[in-house]
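# Commentary on secondary and tertiary structure
Here's the letter readout for the chains.
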Amino acid sequence: MPVPWEALIPFGLLTGMYAVTGTLFNVVKRAENDGKPPRYNLEAWDDMMMERDRRLTGSKRGQTSDPVAPESFATNSVWATKDT
């Protein structure tokens, strides 16, 4: 049975577009997470720790080894904005 070579061009285009889409999606997800793989199945504790890390470092995936929090950490809490 002969192969219809003209059908391979659209097949190659579709395969290429799926590959490009998947690669770009992976690049965007990693860029959002500072080059780290995305997190799945997050619990409330994980959300709280990510919020704390964001307030400490400015990035939701960033972590710091400094044992003392910066001065601004005492006043940039979410609770301070809810009370007013």
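Now for a quick tour of the structure.

Scoring rules and cut-offs
Residues numbered from 1 in each chain as written. Predicted model: local features only at pLDDT ≥ 70, side-chain atom pairs only at ≥ 80, totals over all residues. Heavy atoms only, no water. Salt bridge = Lys/Arg side-chain N within 4 Å of Asp/Glu carboxyl O. Buried < 20%, exposed > 50% of the residue type's maximum accessible area, 1.4 Å probe, protein only. Helix = DSSP H or I, 4+ residues; strand = E, 2+ residues; numbered from the N terminus. Expected span 1.5 Å × (residues − 1). Patch = residues over 30% accessible without salt bridge, like charges linked within 9 Å, V, L, I, M, F, W, Y side chains within 5 Å. Areas by Shrake-Rupley, 256 points an atom, 1.4 Å probe, with all protein chains shown as cover. Lys, Arg positive; Asp, Glu negative; His and termini not counted. Charge placed at Lys NZ, Arg CZ, Asp CG, Glu CD.

### Here we look at the pattern of salt bridges
Summed over all chains, the structure comprises two salt bridges. In this structure, Arg52 engages Asp53 in a salt bridge whose closest nitrogen and oxygen atoms are separated by 2.9 Å. Given a relative accessible area of 7%, Asp53 falls into the buried group.

### Quick notes on helix α1 (residues 8-32)
Here α1 spans 36 Å end to end across 25 residues, near enough to the 36 Å set by a 1.5 Å rise per residue. Within two residues after α1, Asp34 carries a phi angle of roughly 60°, on the positive side.

### Looking at a nonpolar patch on the surface
On the surface, a cluster of nonpolar side chains totalling about 470 Å² of accessible area is made up of Val3, Trp5, Leu8 and Phe11. Taking relative accessible area as the criterion, Trp5 reaches 60% and is therefore assigned exposed.

### What to know about a positive patch on the surface
On the surface, a cluster of positive charge is contributed by Lys29, Lys36, Arg39 and Lys60. Looking at the element boundaries, Arg39 is found in the loop between α1 and α2 (44-57).

### Observations regarding α2
The first and last C-alpha atoms of α2 sit 20 Å apart over 14 residues, in line with the 20 Å expected at 1.5 Å per residue. For α2, the complete set of buried residues consists of Met50, Asp53 and Arg55. The first or second residue beyond α2 is Gly58, which carries a positive phi of 90°.

Keep in mind these numbers describe shape, not what the thing actually does.
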